[in-house]
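Structural characterization, general
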Amino acid sequence: MTARSRRPAAGPAAPRLVPALALLLAVVLAACTGGGTRGADGDGGTGASPGSAAADDVTGHIVIASGRDVTGKNGIRQQLIDAWNLGEQRKNSGFRARLVELPGSADEQRSQLLGALQSRSAAYDVVNLDVTWVPEFATAGLIEPLNHDLLDDDVIPSVAATARWDGKVYAVPFNSDVGLLYYRRDYLERAGVERPDLAAGPEVTWNRLRGLVDDLNAQLPPDIPYEKGWTTQLAAYEGRTVNAVEAFASAVPDLELVDGNGRYTGDVDGLTDGIAELRRRTETAYTLQDAHSSDEGASLNDFVEGRTAFLRHWPSEYRTLYRTFSEEQLGVAPLPGRAVLGGQNLAVTGASPRKRKATELIRFLTGKESERCLLEAGFAATRTSAYEDGADGADGAESGGGSGDERCTAVGPGPSASPTGEGADPVPRDGDGRPAYARDILLPALRKAVHRPRTPLYGAFTQTLIARLGPLHGDDAPSDEDLAGQLDEALRKALPH
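Under the counting rule described, the total for this entry stands at seven aromatic pairs. Ring centres of tryptophan 133 and phenylalanine 137 lie 6.3 Å apart, and the angle between their planes is 25°; on these two criteria the pair is classed as stacked. Phenylalanine 137 matches tryptophan 133 in its accessibility class, with the two residues each being buried. Measuring from ring centre to ring centre gives 5.0 Å for tyrosine 318 and tyrosine 322, while their planes differ by 65°; the resulting arrangement is edge-to-face.

Structure below.
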């Protein structure tokens, strides 16, 4: 089936840089880059620290290849790059950074990057890689080892692990991602649910979710567009893999499909339990039929239209959904069971003639100030300090972060654009300007998230999984045991074991 890609209309673009950025740049550049470069460390990595101004680098543009910025045109990524460029301009360094956004789906972007780096047909200095691609690009020698100090203790441990391969640091987490459960609070209230705030009550399990769907099916009046309990992304693309891994990890918590070297270690028994859980989660009685042909955009649109009460989606849609719904209508909670970790990591390409300065740029883009900016703009930040510094009036020492003053001054909610309130920031925020759910829901979810199999052959893994799970909800679906046997055999052919 073909994935539908309908999306709600885009909201206003992210705010532009503010004048206070000049002071911010002076502080951040001094703290994070030292205005110079660092030579290779004991691991052969590149870095950036006080020293000569990238003496081995060729001056010019540092080209960053990335997928689309979900925060919109002139989004937060571009704004941070503009901030770095302003600092370089004032130093008259001869370096500028330029963002190139790649078209297409994530799979298409991966193919473009692989082709460009292998053939050296595009002059990319920095690439923004999906977390699942790091082992593949590292093994192929397409990206450079980096200094270990780029992954300091402030980076969330589960997130930091996505940047390492074969004992080395090959990338730095730029923004993270994790599955979340969005829900219609107003639907639960109309169905008479006693505790419609799911984030404040007992942990939401899949059994409890099914019970809530039963209540909705029985109690909601016919004058609303509600059809089925929940929707997710089950079309034949990476979304199906994500949902499957979440089900597998929830059913068999210690299931390891690959070892530390990327070799297949699964077995039929574990796969059978995982497939049974995936089938249970996507039963027709609870799941919108269109979920089986939906990607992120289509499932989001179905939820916005009111066809479902629950939606599995990513943190980036928090901002999008609050442009449509009020706090009385919409809620967000941890996904029941295990949630998959996503995100993108920045890496220096092996062919770059500006490796040292490119690493300095990465250090700036992934530093404390930048991560706080990313969080306020709608991304899931990769650093603990972005969520905790200054929270509830605490200083950095009390909250486990840094100085406690890492608040972003480059972007954030501003005053209403008109006397009627049109253009005001609709996102619920805490007293320090972060999205209201960030510290108590998003940060714990990132810490507990599960990785997809880490292997240089991830492309082969995910394509095998997507294809073999296709018949799960067909007219003549095989049993869990039969499907697990077929999947196990296919994975043994696709991966070393």
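Alright, that's what it looks like, and here's the rest.
Extensive coverage of strand E10 (residues 330–334) is indicated by the burial of four of its five residues. Relative to E10, strand E7 (residues 180–184) runs antiparallel, the two being bridged by five bridges. Note on E10: the bridge partner recorded for leucine 180 is proline 334.

Let us now look at the sheet that holds strand E2 (residues 95–101). The strand order across the open sheet formed by five strands is E2-E1-E3-E11-E6, and the pairing between neighbours is mixed. A strand with exactly one partner marks an edge of an open sheet, and here the two such strands are E2 and strand E6 (172–178). When strand polarity is set aside, the average angle formed by the axes of neighbouring strands in this sheet is 20°. Helix-sheet contacts for helix H2 (residues 76–91) involve strand E1 (60–66), E2, strand E3 (126–130), E6 and strand E11 (341–348), and the interaxial angle to E2 is about 165°.

Our focus in this paragraph is unusual backbone geometry. A positive phi angle is found at asparagine 74, which is not glycine, with a value near 50°. Inspection of the secondary structure assignment puts asparagine 74 in the loop between E1 and H2. The class of asparagine 74 is partly exposed, set by a relative accessible area of 22%. The residue asparagine 92 is not glycine, and still its phi comes out positive at about 55°.

Thresholds, definitions, all that
Counting of residues starts from 1 at the beginning of each chain's written sequence and follows it residue by residue. For a predicted model such as this one, the threshold for reporting local features is a pLDDT of at least 70, and the threshold for listing and counting side-chain atom pairs is 80 or more; totals across whole chains, interfaces and linings nevertheless cover every residue. For side-chain calculations, the full set of non-hydrogen atoms in the structure is used, while hydrogens and water are omitted. Any Phe, Tyr or Trp ring, taking Trp's six-membered ring, that has another such ring centre within 6.5 Å forms a pair; planes under 30 degrees apart are called stacked, those over 60 apart edge-to-face, and the others tilted. Throughout this description, buried means an accessible area under 20% of the type-specific maximum (1.4 Å probe, protein chains only), exposed means over 50%, and partly exposed covers the range between. Segments assigned H or I by DSSP are reported as helices when at least four residues long, segments assigned E as strands when at least two residues long, and all are numbered from the N terminus. If DSSP finds at least two bridges between two strands, the strands pair. All axes are obtained by fitting lines to C-alpha atoms, using only the stretch in contact for helices, and the reported angles, taken between N-to-C directions, cover 0 to 180 degrees. Any two residues whose heavy atoms approach within 4.5 Å are treated as being in contact.

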